[in-house]
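Working through the structure, step by step
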Protein chains: 4
Amino acid sequence: MDLKQSETIKNLLIQGNKVMIVVMKNGASPGEIAETVKRIKALGLKAHVIEGTERTVVAAIGEKREEMKEALESGDGVEEVMPILAPYKVASLEVKPEPTVVTAGSLSVGGKALGIIGGPCSVESEEQIMNSARVVKAAGGTALRGGAFKPRTSPYSFQGMKEEGLKLLAAARDETGLAVVTEVLATDDVDLVANYADVLQIGARNMQNYRLLEAVGNTDRAVLLKRGASATMDEFLLAAEYILNEGNPNVMLCERGIRTFESHTRFTLPLASVTYLHHKTHLPVVIDPSHGTGHAYMVPDMAVAAVAAGADGLIIEMHPNPPEAMSDGYQSLTPEQFDQTLARCKTVAGAIGKSL
Amino acid sequence: MDLKQSETIKNLLIQGNKVMIVVMKNGASPGEIAETVKRIKALGLKAHVIEGTERTVVAAIGEKREEMKEALESGDGVEEVMPILAPYKVASLEVKPEPTVVTAGSLSVGGKALGIIGGPCSVESEEQIMNSARVVKAAGGTALRGGAFKPRTSPYSFQGMKEEGLKLLAAARDETGLAVVTEVLATDDVDLVANYADVLQIGARNMQNYRLLEAVGNTDRAVLLKRGASATMDEFLLAAEYILNEGNPNVMLCERGIRTFESHTRFTLPLASVTYLHHKTHLPVVIDPSHGTGHAYMVPDMAVAAVAAGADGLIIEMHPNPPEAMSDGYQSLTPEQFDQTLARCKTVAGAIGKSL
Amino acid sequence: MDLKQSETIKNLLIQGNKVMIVVMKNGASPGEIAETVKRIKALGLKAHVIEGTERTVVAAIGEKREEMKEALESGDGVEEVMPILAPYKVASLEVKPEPTVVTAGSLSVGGKALGIIGGPCSVESEEQIMNSARVVKAAGGTALRGGAFKPRTSPYSFQGMKEEGLKLLAAARDETGLAVVTEVLATDDVDLVANYADVLQIGARNMQNYRLLEAVGNTDRAVLLKRGASATMDEFLLAAEYILNEGNPNVMLCERGIRTFESHTRFTLPLASVTYLHHKTHLPVVIDPSHGTGHAYMVPDMAVAAVAAGADGLIIEMHPNPPEAMSDGYQSLTPEQFDQTLARCKTVAGAIGKSL
Amino acid sequence: MDLKQSETIKNLLIQGNKVMIVVMKNGASPGEIAETVKRIKALGLKAHVIEGTERTVVAAIGEKREEMKEALESGDGVEEVMPILAPYKVASLEVKPEPTVVTAGSLSVGGKALGIIGGPCSVESEEQIMNSARVVKAAGGTALRGGAFKPRTSPYSFQGMKEEGLKLLAAARDETGLAVVTEVLATDDVDLVANYADVLQIGARNMQNYRLLEAVGNTDRAVLLKRGASATMDEFLLAAEYILNEGNPNVMLCERGIRTFESHTRFTLPLASVTYLHHKTHLPVVIDPSHGTGHAYMVPDMAVAAVAAGADGLIIEMHPNPPEAMSDGYQSLTPEQFDQTLARCKTVAGAIGKSL
């Protein structure tokens, strides 16, 4: 297929969602093409002829079933019939069946060893972030989280320490060796954040900020992509596709809870996302039990459950002194709770042939 | 407090949801009562005077904070101030802090050993249910499920084998020793089903069928109460309260997934319900990963995750031949898958100090 | 088709949801039947042969497209191909294209004149219900609502005045001529409630209480069926089908709001349900803006909007003194507000060629 | 209050959500301040002392009730107690009780006359957009919509004609006089889009793209802010606050449907948002029945219902030839349907004292 054909099919794929490509032989006659179109229509599908520089392909749009593939393959002048199953291609298991392991400094996510990202919601001071890093390191965590640019519901809320916060994160890495995971909010900040961070986090609110996805796709930093609070799985994987499509293969998918009618938790954490994503994509899956529940007392159980469900990593909020946290204190573990949670996770990981 | 006072408070509790009871001393003067009312109002609360045969109590309706309690307790003529925290009382941890272990024949749920209920969605034939029971028994399950009365979305669907199905379940118990768990749909059927079953299941659609709740509350059978697909936790616990209030203490709560915008799963399974319920009630919690996901391939991971999260039991659909199941075949495990799933659960249970 | 064939198809329809019936000619040969099966499979559909006393029919299960119908109709031995579109049959516009007008005493719903049901959540006293009835009558309402049997989330809440309440409703009808709409909670109460009421209301919690649906389907009373808070439209229409299937054609569908993540309203009221239902069923559609919003101040706007959207009726909570209501006072209109709301509805109804 | 105090209160407001400000008299003694703190705590609230250049204020964080205000105002050294009710301030009715009328070229939204924005999802060609503009104009619409920069779920979809599209929109305005409403996706494009458009649309996916909100807040263009598919009302109003806070007062709020479990509509359209927003903010409210339902056949009813509910404007997708639309064809009206819909809206608007 030539480029124009490929582009046309991409568009069809997205709009129609279910496409089979009938590749005609080089030199197929107009009659053979017409016959192929007829057969496609007889199957209840729409046919879209795409002429190319070398050969013609016909897109069959609608359902895709094995019987249909066979029925079309038997036609004269047909070389091959290719069902294209997922609208996301680069992220798809069809394209790359083996799991992707994303590595960024001390953090590795996707292999036997789980990646554990811990730290406060926001970087608040040198003392706070240094203490946090030491706790994470001592407990067996493999990366440090902390927000320097904070997306806040209100324009009047604390918006983060910005570059000063990034410098403190880098200093914490210098001391502890922990990789730094921090959110980037805007295309203008991508270079700055990438200067300091090992992993660029895309927050749930920005999951469909496509320019930002493209921008982080053009860096050489790993990306932690959080699921939007009401994003479907297709939307989530297509957001990842925006990043992958720019040439950055190091994407981790993070389930952090969805918005439902439930009010006893901040969001509803669907751990089945781990299983679903492992069936659809080679990208590793990280669970955020802190945002996923919104209550510190629920975090340990959900962290352990995520490990048992097969998650590749965890991102957990921990603060040296949660009641004084400038944001999200109610869902932050204390250092002691963080330590105990990781110990529990380690036990379960060991039981299922993984490690922390 | 006398009965009439108690009834009044019950009503207030439900309507106002947050109530403190100021118990006046026997013989408190009208002036002291008036002063108490004044203090309550000064705290921003509503006051409701309930005179009794022996003494007067004043309900303070609104928020409940420790400071308020103290402020009120210092009043003249006040004997005691009791915050009543939960609208469900008998189910509440405040009333009974130690976990309840529900036992019904071979099934025990709420202790160190998990209760594992397996079997087909519907009883379809003697061969099918006998085979199912043998598989459950061999895999280490502790009870057999199987629907004889089926609640079906359509009036034209298979409605179950009814009493014939119950007899087959009892025969399977005779052979394997497994306790029988089966759904009861209507008050008229309660006695019949209770004749054969060890555990009466209340389905999600009937979670707020209050007459049915009362009816099973008046039997001596254990009850497995499924959460409604859009029930809040308060609604769920109050449904349990209907059963407990009739004098039947053997209630198991079953989380089976909620209705959300997600469509890649049949329902969304919130495992945080385990943690939440363990913080609120002494009743044991059973997880249904079959309805909770709607896809057989997701069931094993979610079963294991539920164990890790601290669930007291599992109810899993298994069918000797899922593609031929008359209902819910797509979410039923094969015997082999069931066996493997229980093996995985056993490993994780062992790691966290429990057993299967 | 004979009865057994019809039953088989009903089951397929529900399970497979999309079915075309290929009716073979009387005396079609085994070869012709085999050929039909082959053609069905070539279209990517499953084939299910159902032999009958007179002739064979083959169910084609899967998608239904016009092209497929044509492709199958051209086969030898085929008499007719019938797509069966909806899983609910009696409720379907395919079966009865003209709108159903439900009449019960003074209430008529489904014609040019809107049916307006007003009154308190619960019957509380003779004075309260009599006053309510007079207000409803004076404002132009056509039926009186009032709960005598109340489904309550908590076992400790006021459960209604029961038969005494029914008698008061009947007395209010005697004085004002207004038809009485009241909820029935349990099969055991159906006869009693039907003795007093013109319309039996099935509440949202009982929408899938199938025995109750069957029981009201066996009375000669009209039924107001409320949508469950998380029921899909198919589930809603199939619940109606349970009633219709027992021989009671007088069913009104009532949209009363669904459970979503929104918390500024009690439920989310999707007025598009009016349009959807009018495209799918001949049954009339009533909107409940009181439960649909949960706030009295929102009720008038939503009542008027429902009229504009084409609703056939409204059911509105009104209480002589809302702050003293024993249930749902916050969403009840005062008599003045009720009167003004109906005046606004009348104006809009007039503008779109309807009347109040 | 000085600036630092104001900032501190802003932060508290957001984090604590419910704040009363006790303004101490100039020169209040430390003892008076301590006494005020004590009184606040006795009410069950948290106290936060904020010293300033001129006077001290004490924030009382928690519930806000009239009785509490009175209790605090009686204290020595207290000048004033100000409850701050809404976390969004500039958008709040408390700050500006009279409705805001937003005017941008031919479009005026917020007064007696409704603003009607019509046009295709995407600008596709000169002919298409010119035809669209003529249809909108002839039908009585007051502004033209059309996407030049398209946010697409997939990176492989048509992303819009970009600047060429903007030029075509401007040409359509030149011919018809209709104001141009078009989406801006990224901060980098704001100046470019503002060069051509009268109204900058912020799409649902970008409702919490705070940098973009700030960027459009710094233009002199009116802004149409769409509600995110799972945004709460507070989040929606705070997103508006980001724009207002930059000095741009011309913000229209657009309800376009929320994500729920319903699948017979693309989104669920909660028309109660109109009533709610009119009770909370002076900003005008526009309804989008096209995205709100996702089906052309539902759009007319929902448009009329929105008018009846009191919406200030409508934004409706119309395409000269919906089946050929490059995006969203299934929810686009034909020119005839658009014309008829506006005629129906006009009738209802007239009946309620408004005009089209």
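Rules and cut-offs
Residues numbered from 1 in each chain as written. Chains lettered and ligands numbered in written order. Predicted model: local features only at pLDDT ≥ 70, side-chain atom pairs only at ≥ 80, totals over all residues. Least-squares fit on C-alpha atoms with pLDDT ≥ 70 in both. Contact = placed C-beta atoms within 7 Å. Domains from an automatic or database assignment. Axes fitted to C-alpha atoms, helices over the stretch in contact; angles between N-to-C directions. Helix = DSSP H or I, 4+ residues; strand = E, 2+ residues; numbered from the N terminus. Parallel < 35°, antiparallel > 145°, perpendicular 65-115°, else oblique. Left-handed = near helix turned anticlockwise from the far one by under 90°. Nonpolar A, V, L, I, M, F, W, Y, C, P; charged D, E, K, R; others polar. Pairing = 2+ DSSP bridges. pLDDT = per-residue confidence, 0-100. Expected span 1.5 Å × (residues − 1). Buried ≥ 20, exposed ≤ 12 C-beta atoms within 10 Å, placed from the backbone. Arc of directions from axis to C-beta.

1. A look at the relation of the copies chain B and chain C
In the superposition of chain B on chain C (RMSD 0.1 Å, axial shift 0.0 Å), the rotation amounts to 180°. Such a turn and shift between the copies fits a two-fold axis. Residue serine 230 of chain B of chain B places its C-alpha closer to the rotation axis than any other residue of that unit, at 3.0 Å. Mapped onto chain C, 100% of the interface residues of chain B are again interface residues, and the two copies thus contact each other with one and the same surface.

2. Some remarks on the domain arrangement of chain A
Segmentation of chain A into domains returns domain 1 (3-84) and domain 2 (102-351). Here the C-alpha centroids of domain 1 of chain A and domain 2 of chain A sit 43 Å apart.

3. Some thoughts on the packing of helix 11 (residues 299-309) of chain C against helix 11 (residues 299-309) of chain D
Where helix 11 of chain C meets helix 11 of chain D, the axes come as close as 8 Å, and the angle between the chain directions of the two elements is 150°. Classified by the angle between their axes, helix 11 of chain C and helix 11 of chain D sit roughly antiparallel to one another. Handedness of the helix 11 of chain C/helix 11 of chain D crossing: right-handed. Every residue of helix 11 of chain D that contacts helix 11 of chain C at Asp301, Met302, Val304, Ala305, Val307, Ala308 and Ala309 of chain C is listed here: Asp301, Met302, Val304, Ala305, Val307, Ala308 and Ala309 of chain D. Its residues assigned to classes, the contact of helix 11 of chain C with helix 11 of chain D shows 12 nonpolar, no polar and two charged.

4. Focus on the sheet that holds strand 13 (residues 285-287) of chain C
Residues and elements named next belong to chain C. The strand order 7-8-9-10-11-12-13-14 describes a closed barrel built from eight strands, whose pairing is parallel. Ignoring strand direction, the axes of neighbouring strands in this sheet form an average angle of 25°. The sheet contact formed by strand 8 (residues 143-145) and strand 9 (residues 179-183) spans three bridges and is parallel. Residue pairing across strands places leucine 144 opposite valine 180, the latter belonging to strand 9.

5. Details of the interface of chain A and chain B
By a widely used convention, the size of an interface equals the accessible area lost when the partners come together. With 35 residues of chain A at the contact, the number on the chain B side is 35 residues. Where the side of chain A that touches chain B is concerned, the elements lending two or more residues are helix 9 (272-280), helix 11 (299-309) and helix 12 (335-351) of chain A. When residues of the side of chain A that touches chain B are assigned to their parent elements, the largest contribution, seven residues, is made by helix 11 of chain A. Its residues assigned to classes, the side of chain A that touches chain B comprises 20 nonpolar, 13 polar and two charged.

6. Considering the confidence of the model for chain A
In this model, chain A carries an average pLDDT of 90, and 92% of its residues clear a pLDDT of 70 or more. Taken together, the chains of this predicted complex give a pTM of 0.85 and an interface ipTM of 0.83.

7. Some words on helix 2 (residues 30-42) of chain A
All names here are of chain A. The end-to-end C-alpha distance of helix 2 is 18 Å, a good match for the 18 Å that 13 residues give at a rise of 1.5 Å each. Taken as a whole, helix 2 has its buried residues at Ile33, Thr36, Arg39 and Ile40. Looking straight down helix 2, one finds its buried side chains confined to an arc of 120°; they lie on one side. In this structure, helix 2 carries Pro30, Gly31, Ala34 and Lys38 as exposed residues pointing more than 90 degrees from its buried face. A positive backbone phi angle near 85° is found at glycine 44, which sits one or two residues after helix 2.

8. Some words on the pairing of strand 14 (residues 313-317) of chain D
All names here are of chain D. Counting buried residues along strand 14, five of its five residues qualify, which places the element largely inside the surrounding structure. Judged by which residues are buried, strand 14 turns out to be covered on both faces: Gly313, Ile315 and Glu317 on one side and Leu314 and Ile316 on the other are all buried. The sheet contact formed by strand 7 (residues 115-119) and strand 14 spans five bridges and is parallel. Along strand 14, the bridge assignment pairs isoleucine 117 with isoleucine 315.

9. Digging into unusual backbone geometry
Residues and elements named next belong to chain B. Phi is positive for lysine 162, which is not a glycine, with a value near 55°. Examined against the element boundaries, lysine 162 turns out to sit in the loop between strand 8 (143-145) and helix 5 (163-176). Residue classification places lysine 162 among the partly exposed positions, given that 15 C-beta atoms sit within 10 Å.

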